[in-house]
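Each chain, written out:
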Amino acid sequence: MPRPEEYGYGPAAAKALHGRVIAYRPREENGRVVVPVTIENQGTKRTAYEVTVRVERGRTDRSATARVEAGNVFPRTTWPTQVDVSDIGASHLEDVTVAVSATVEEVRGQVP
């Protein structure tokens, strides 16, 4: 499995959980504005992540918040995903601020 930096999303815009969850700069993709996200399980057990990404445009009051769940990330793997933040608008994406937060929970019912 590729490491987070091997997905080609560019430099991190925001990190959570000590760098295990990374949100990247927004980009326009197929008419939508998305924020790529990588979730890296550095542990030894399957885990579930809930990630919230908030994007704010500095000169206006426009913002967008999106959530994504990764319910079964295997140990020592990276889960790539993205969130749709099209509400922020597609112009001047370089003028936005990205924040990310995440929670993690061990997946129950695992065989040791």
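For the structure itself, consult the block above.
Computed from a prediction, not measured in an experiment: that's the story for all the values here.

*Asks:* An account of the overall build of the protein is requested, with residue identities and associated values reported.
*Replies:* Secondary structure summary: the protein contains zero helices and eight strands in total. For the protein, the α and β elements follow one another from N to C terminus as β-β-β-β-β-β-β-β. Rg of the C-alpha trace for the protein: 15 Å, near the compact-globule value of 13 Å for 112 residues, within the 12% margin. If you line up the protein on its principal axes, its C-alpha atoms span 50 × 25 × 25 Å. Across the 112 residues in the protein, those meeting the buried criterion constitute 40%. For the protein, the proportion of contacts with a sequence separation of at least 24, taken over those separated by at least 6, is 64%. As displayed, the protein has an accessible area near 6600 Å², and 46% of this comes from carbon and sulfur atoms. Between the averaged position of the 15 positive side-chain charges in the protein and that of its 15 negative side-chain charges there is a distance of 4 Å.

*Asks:* Got a sec to walk through the environment of asparagine 41? Specific residues and values, please.
*Replies:* Tracing the chain through its elements places asparagine 41 in strand β4 (residues 32-41). When its relative accessible area of 2% is taken as the criterion, asparagine 41 is described as buried. Separated by 35 residues in the primary sequence, asparagine 41 and arginine 76 place their C-alpha atoms 5.4 Å from one another. In this structure asparagine 41 touches Arg46, Thr47, Tyr49, Val73, Phe74, Pro75, Arg76 and Thr77, once residues within four positions along its chain are discounted. Engagement of the side chain of asparagine 41 in a polar contact is seen with the backbone nitrogen of glycine 43, the distance being 2.8 Å.

*Asks:* Give me the lowdown on the packing of aromatic side chains, citing residues and values where you can.
*Replies:* Here the structure, examined in full by the defined rule, presents two aromatic pairs. Members of the aromatic cluster, connected to one another through ring pairs, are Tyr7, Tyr9 and Tyr24.

*Asks:* Tell me about the sheet that holds strand β6 (residues 63-73), and please be specific about residues and values.
*Replies:* By definition, the strands of a sheet pair up through backbone hydrogen bonds, in either a parallel or an antiparallel sense. The strand order across the open sheet built from three strands is β6-β5-β8, with neighbouring strands paired in antiparallel fashion. Each of the sheet's edge strands pairs with one partner strand only, and the pair in question is β6 and β8 (96-106). Geometrically, the sheet is characterised by an average inter-axis angle of 15 degrees between neighbouring strands, direction not taken into account. Taken together, the nine bridges between strand β5 (residues 47-57) and β6 define a ladder with antiparallel strand orientation. Bridge pairing in β6 places threonine 52 opposite arginine 67.

*Asks:* Could you give me a rundown of the pattern of salt bridges, with the residues and numbers involved?
*Replies:* Inspection of every chain in the model, using the stated rule, returns five salt bridges. Among the ionic pairs, arginine 32 bridges to aspartate 84, the shortest N-O distance being 3.7 Å. Here arginine 32 is found in strand β4, whereas its partner aspartate 84 is found in strand β7 (residues 77-84), with 52 residues between them in sequence. Of the residues examined, arginine 32 reaches a relative accessible area of 34% and is grouped as partly exposed. Here glutamate 56 ties to arginine 54 by a salt bridge, and the two come within 2.9 Å at their closest N and O atoms. By relative accessible area, glutamate 56 is classed as partly exposed at 37%. Assessed through its relative accessible area of 34%, arginine 54 is described here as partly exposed.

Reading guide: rules and limits
Residues numbered from 1 in each chain as written. Predicted model: local features only at pLDDT ≥ 70, side-chain atom pairs only at ≥ 80, totals over all residues. Heavy atoms only, no water. Helix = DSSP H or I, 4+ residues; strand = E, 2+ residues; numbered from the N terminus. Rg over C-alpha atoms; globule rule 2.2 N^0.38 Å. Buried < 20%, exposed > 50% of the residue type's maximum accessible area, 1.4 Å probe, protein only. Contact = heavy atoms within 4.5 Å. Areas by Shrake-Rupley, 256 points an atom, 1.4 Å probe, with all protein chains shown as cover. Lys, Arg positive; Asp, Glu negative; His and termini not counted. Charge placed at Lys NZ, Arg CZ, Asp CG, Glu CD. Polar contact = N/O pair within 3.5 Å; in protein donor to acceptor, adjacent residues only side chain to side chain. Phe/Tyr/Trp six-rings, centres within 6.5 Å; stacked < 30°, edge-to-face > 60°. Pairing = 2+ DSSP bridges. Axes fitted to C-alpha atoms, helices over the stretch in contact; angles between N-to-C directions. Salt bridge = Lys/Arg side-chain N within 4 Å of Asp/Glu carboxyl O.

The quantities given are spatial measurements derived from coordinates; they are silent on function.
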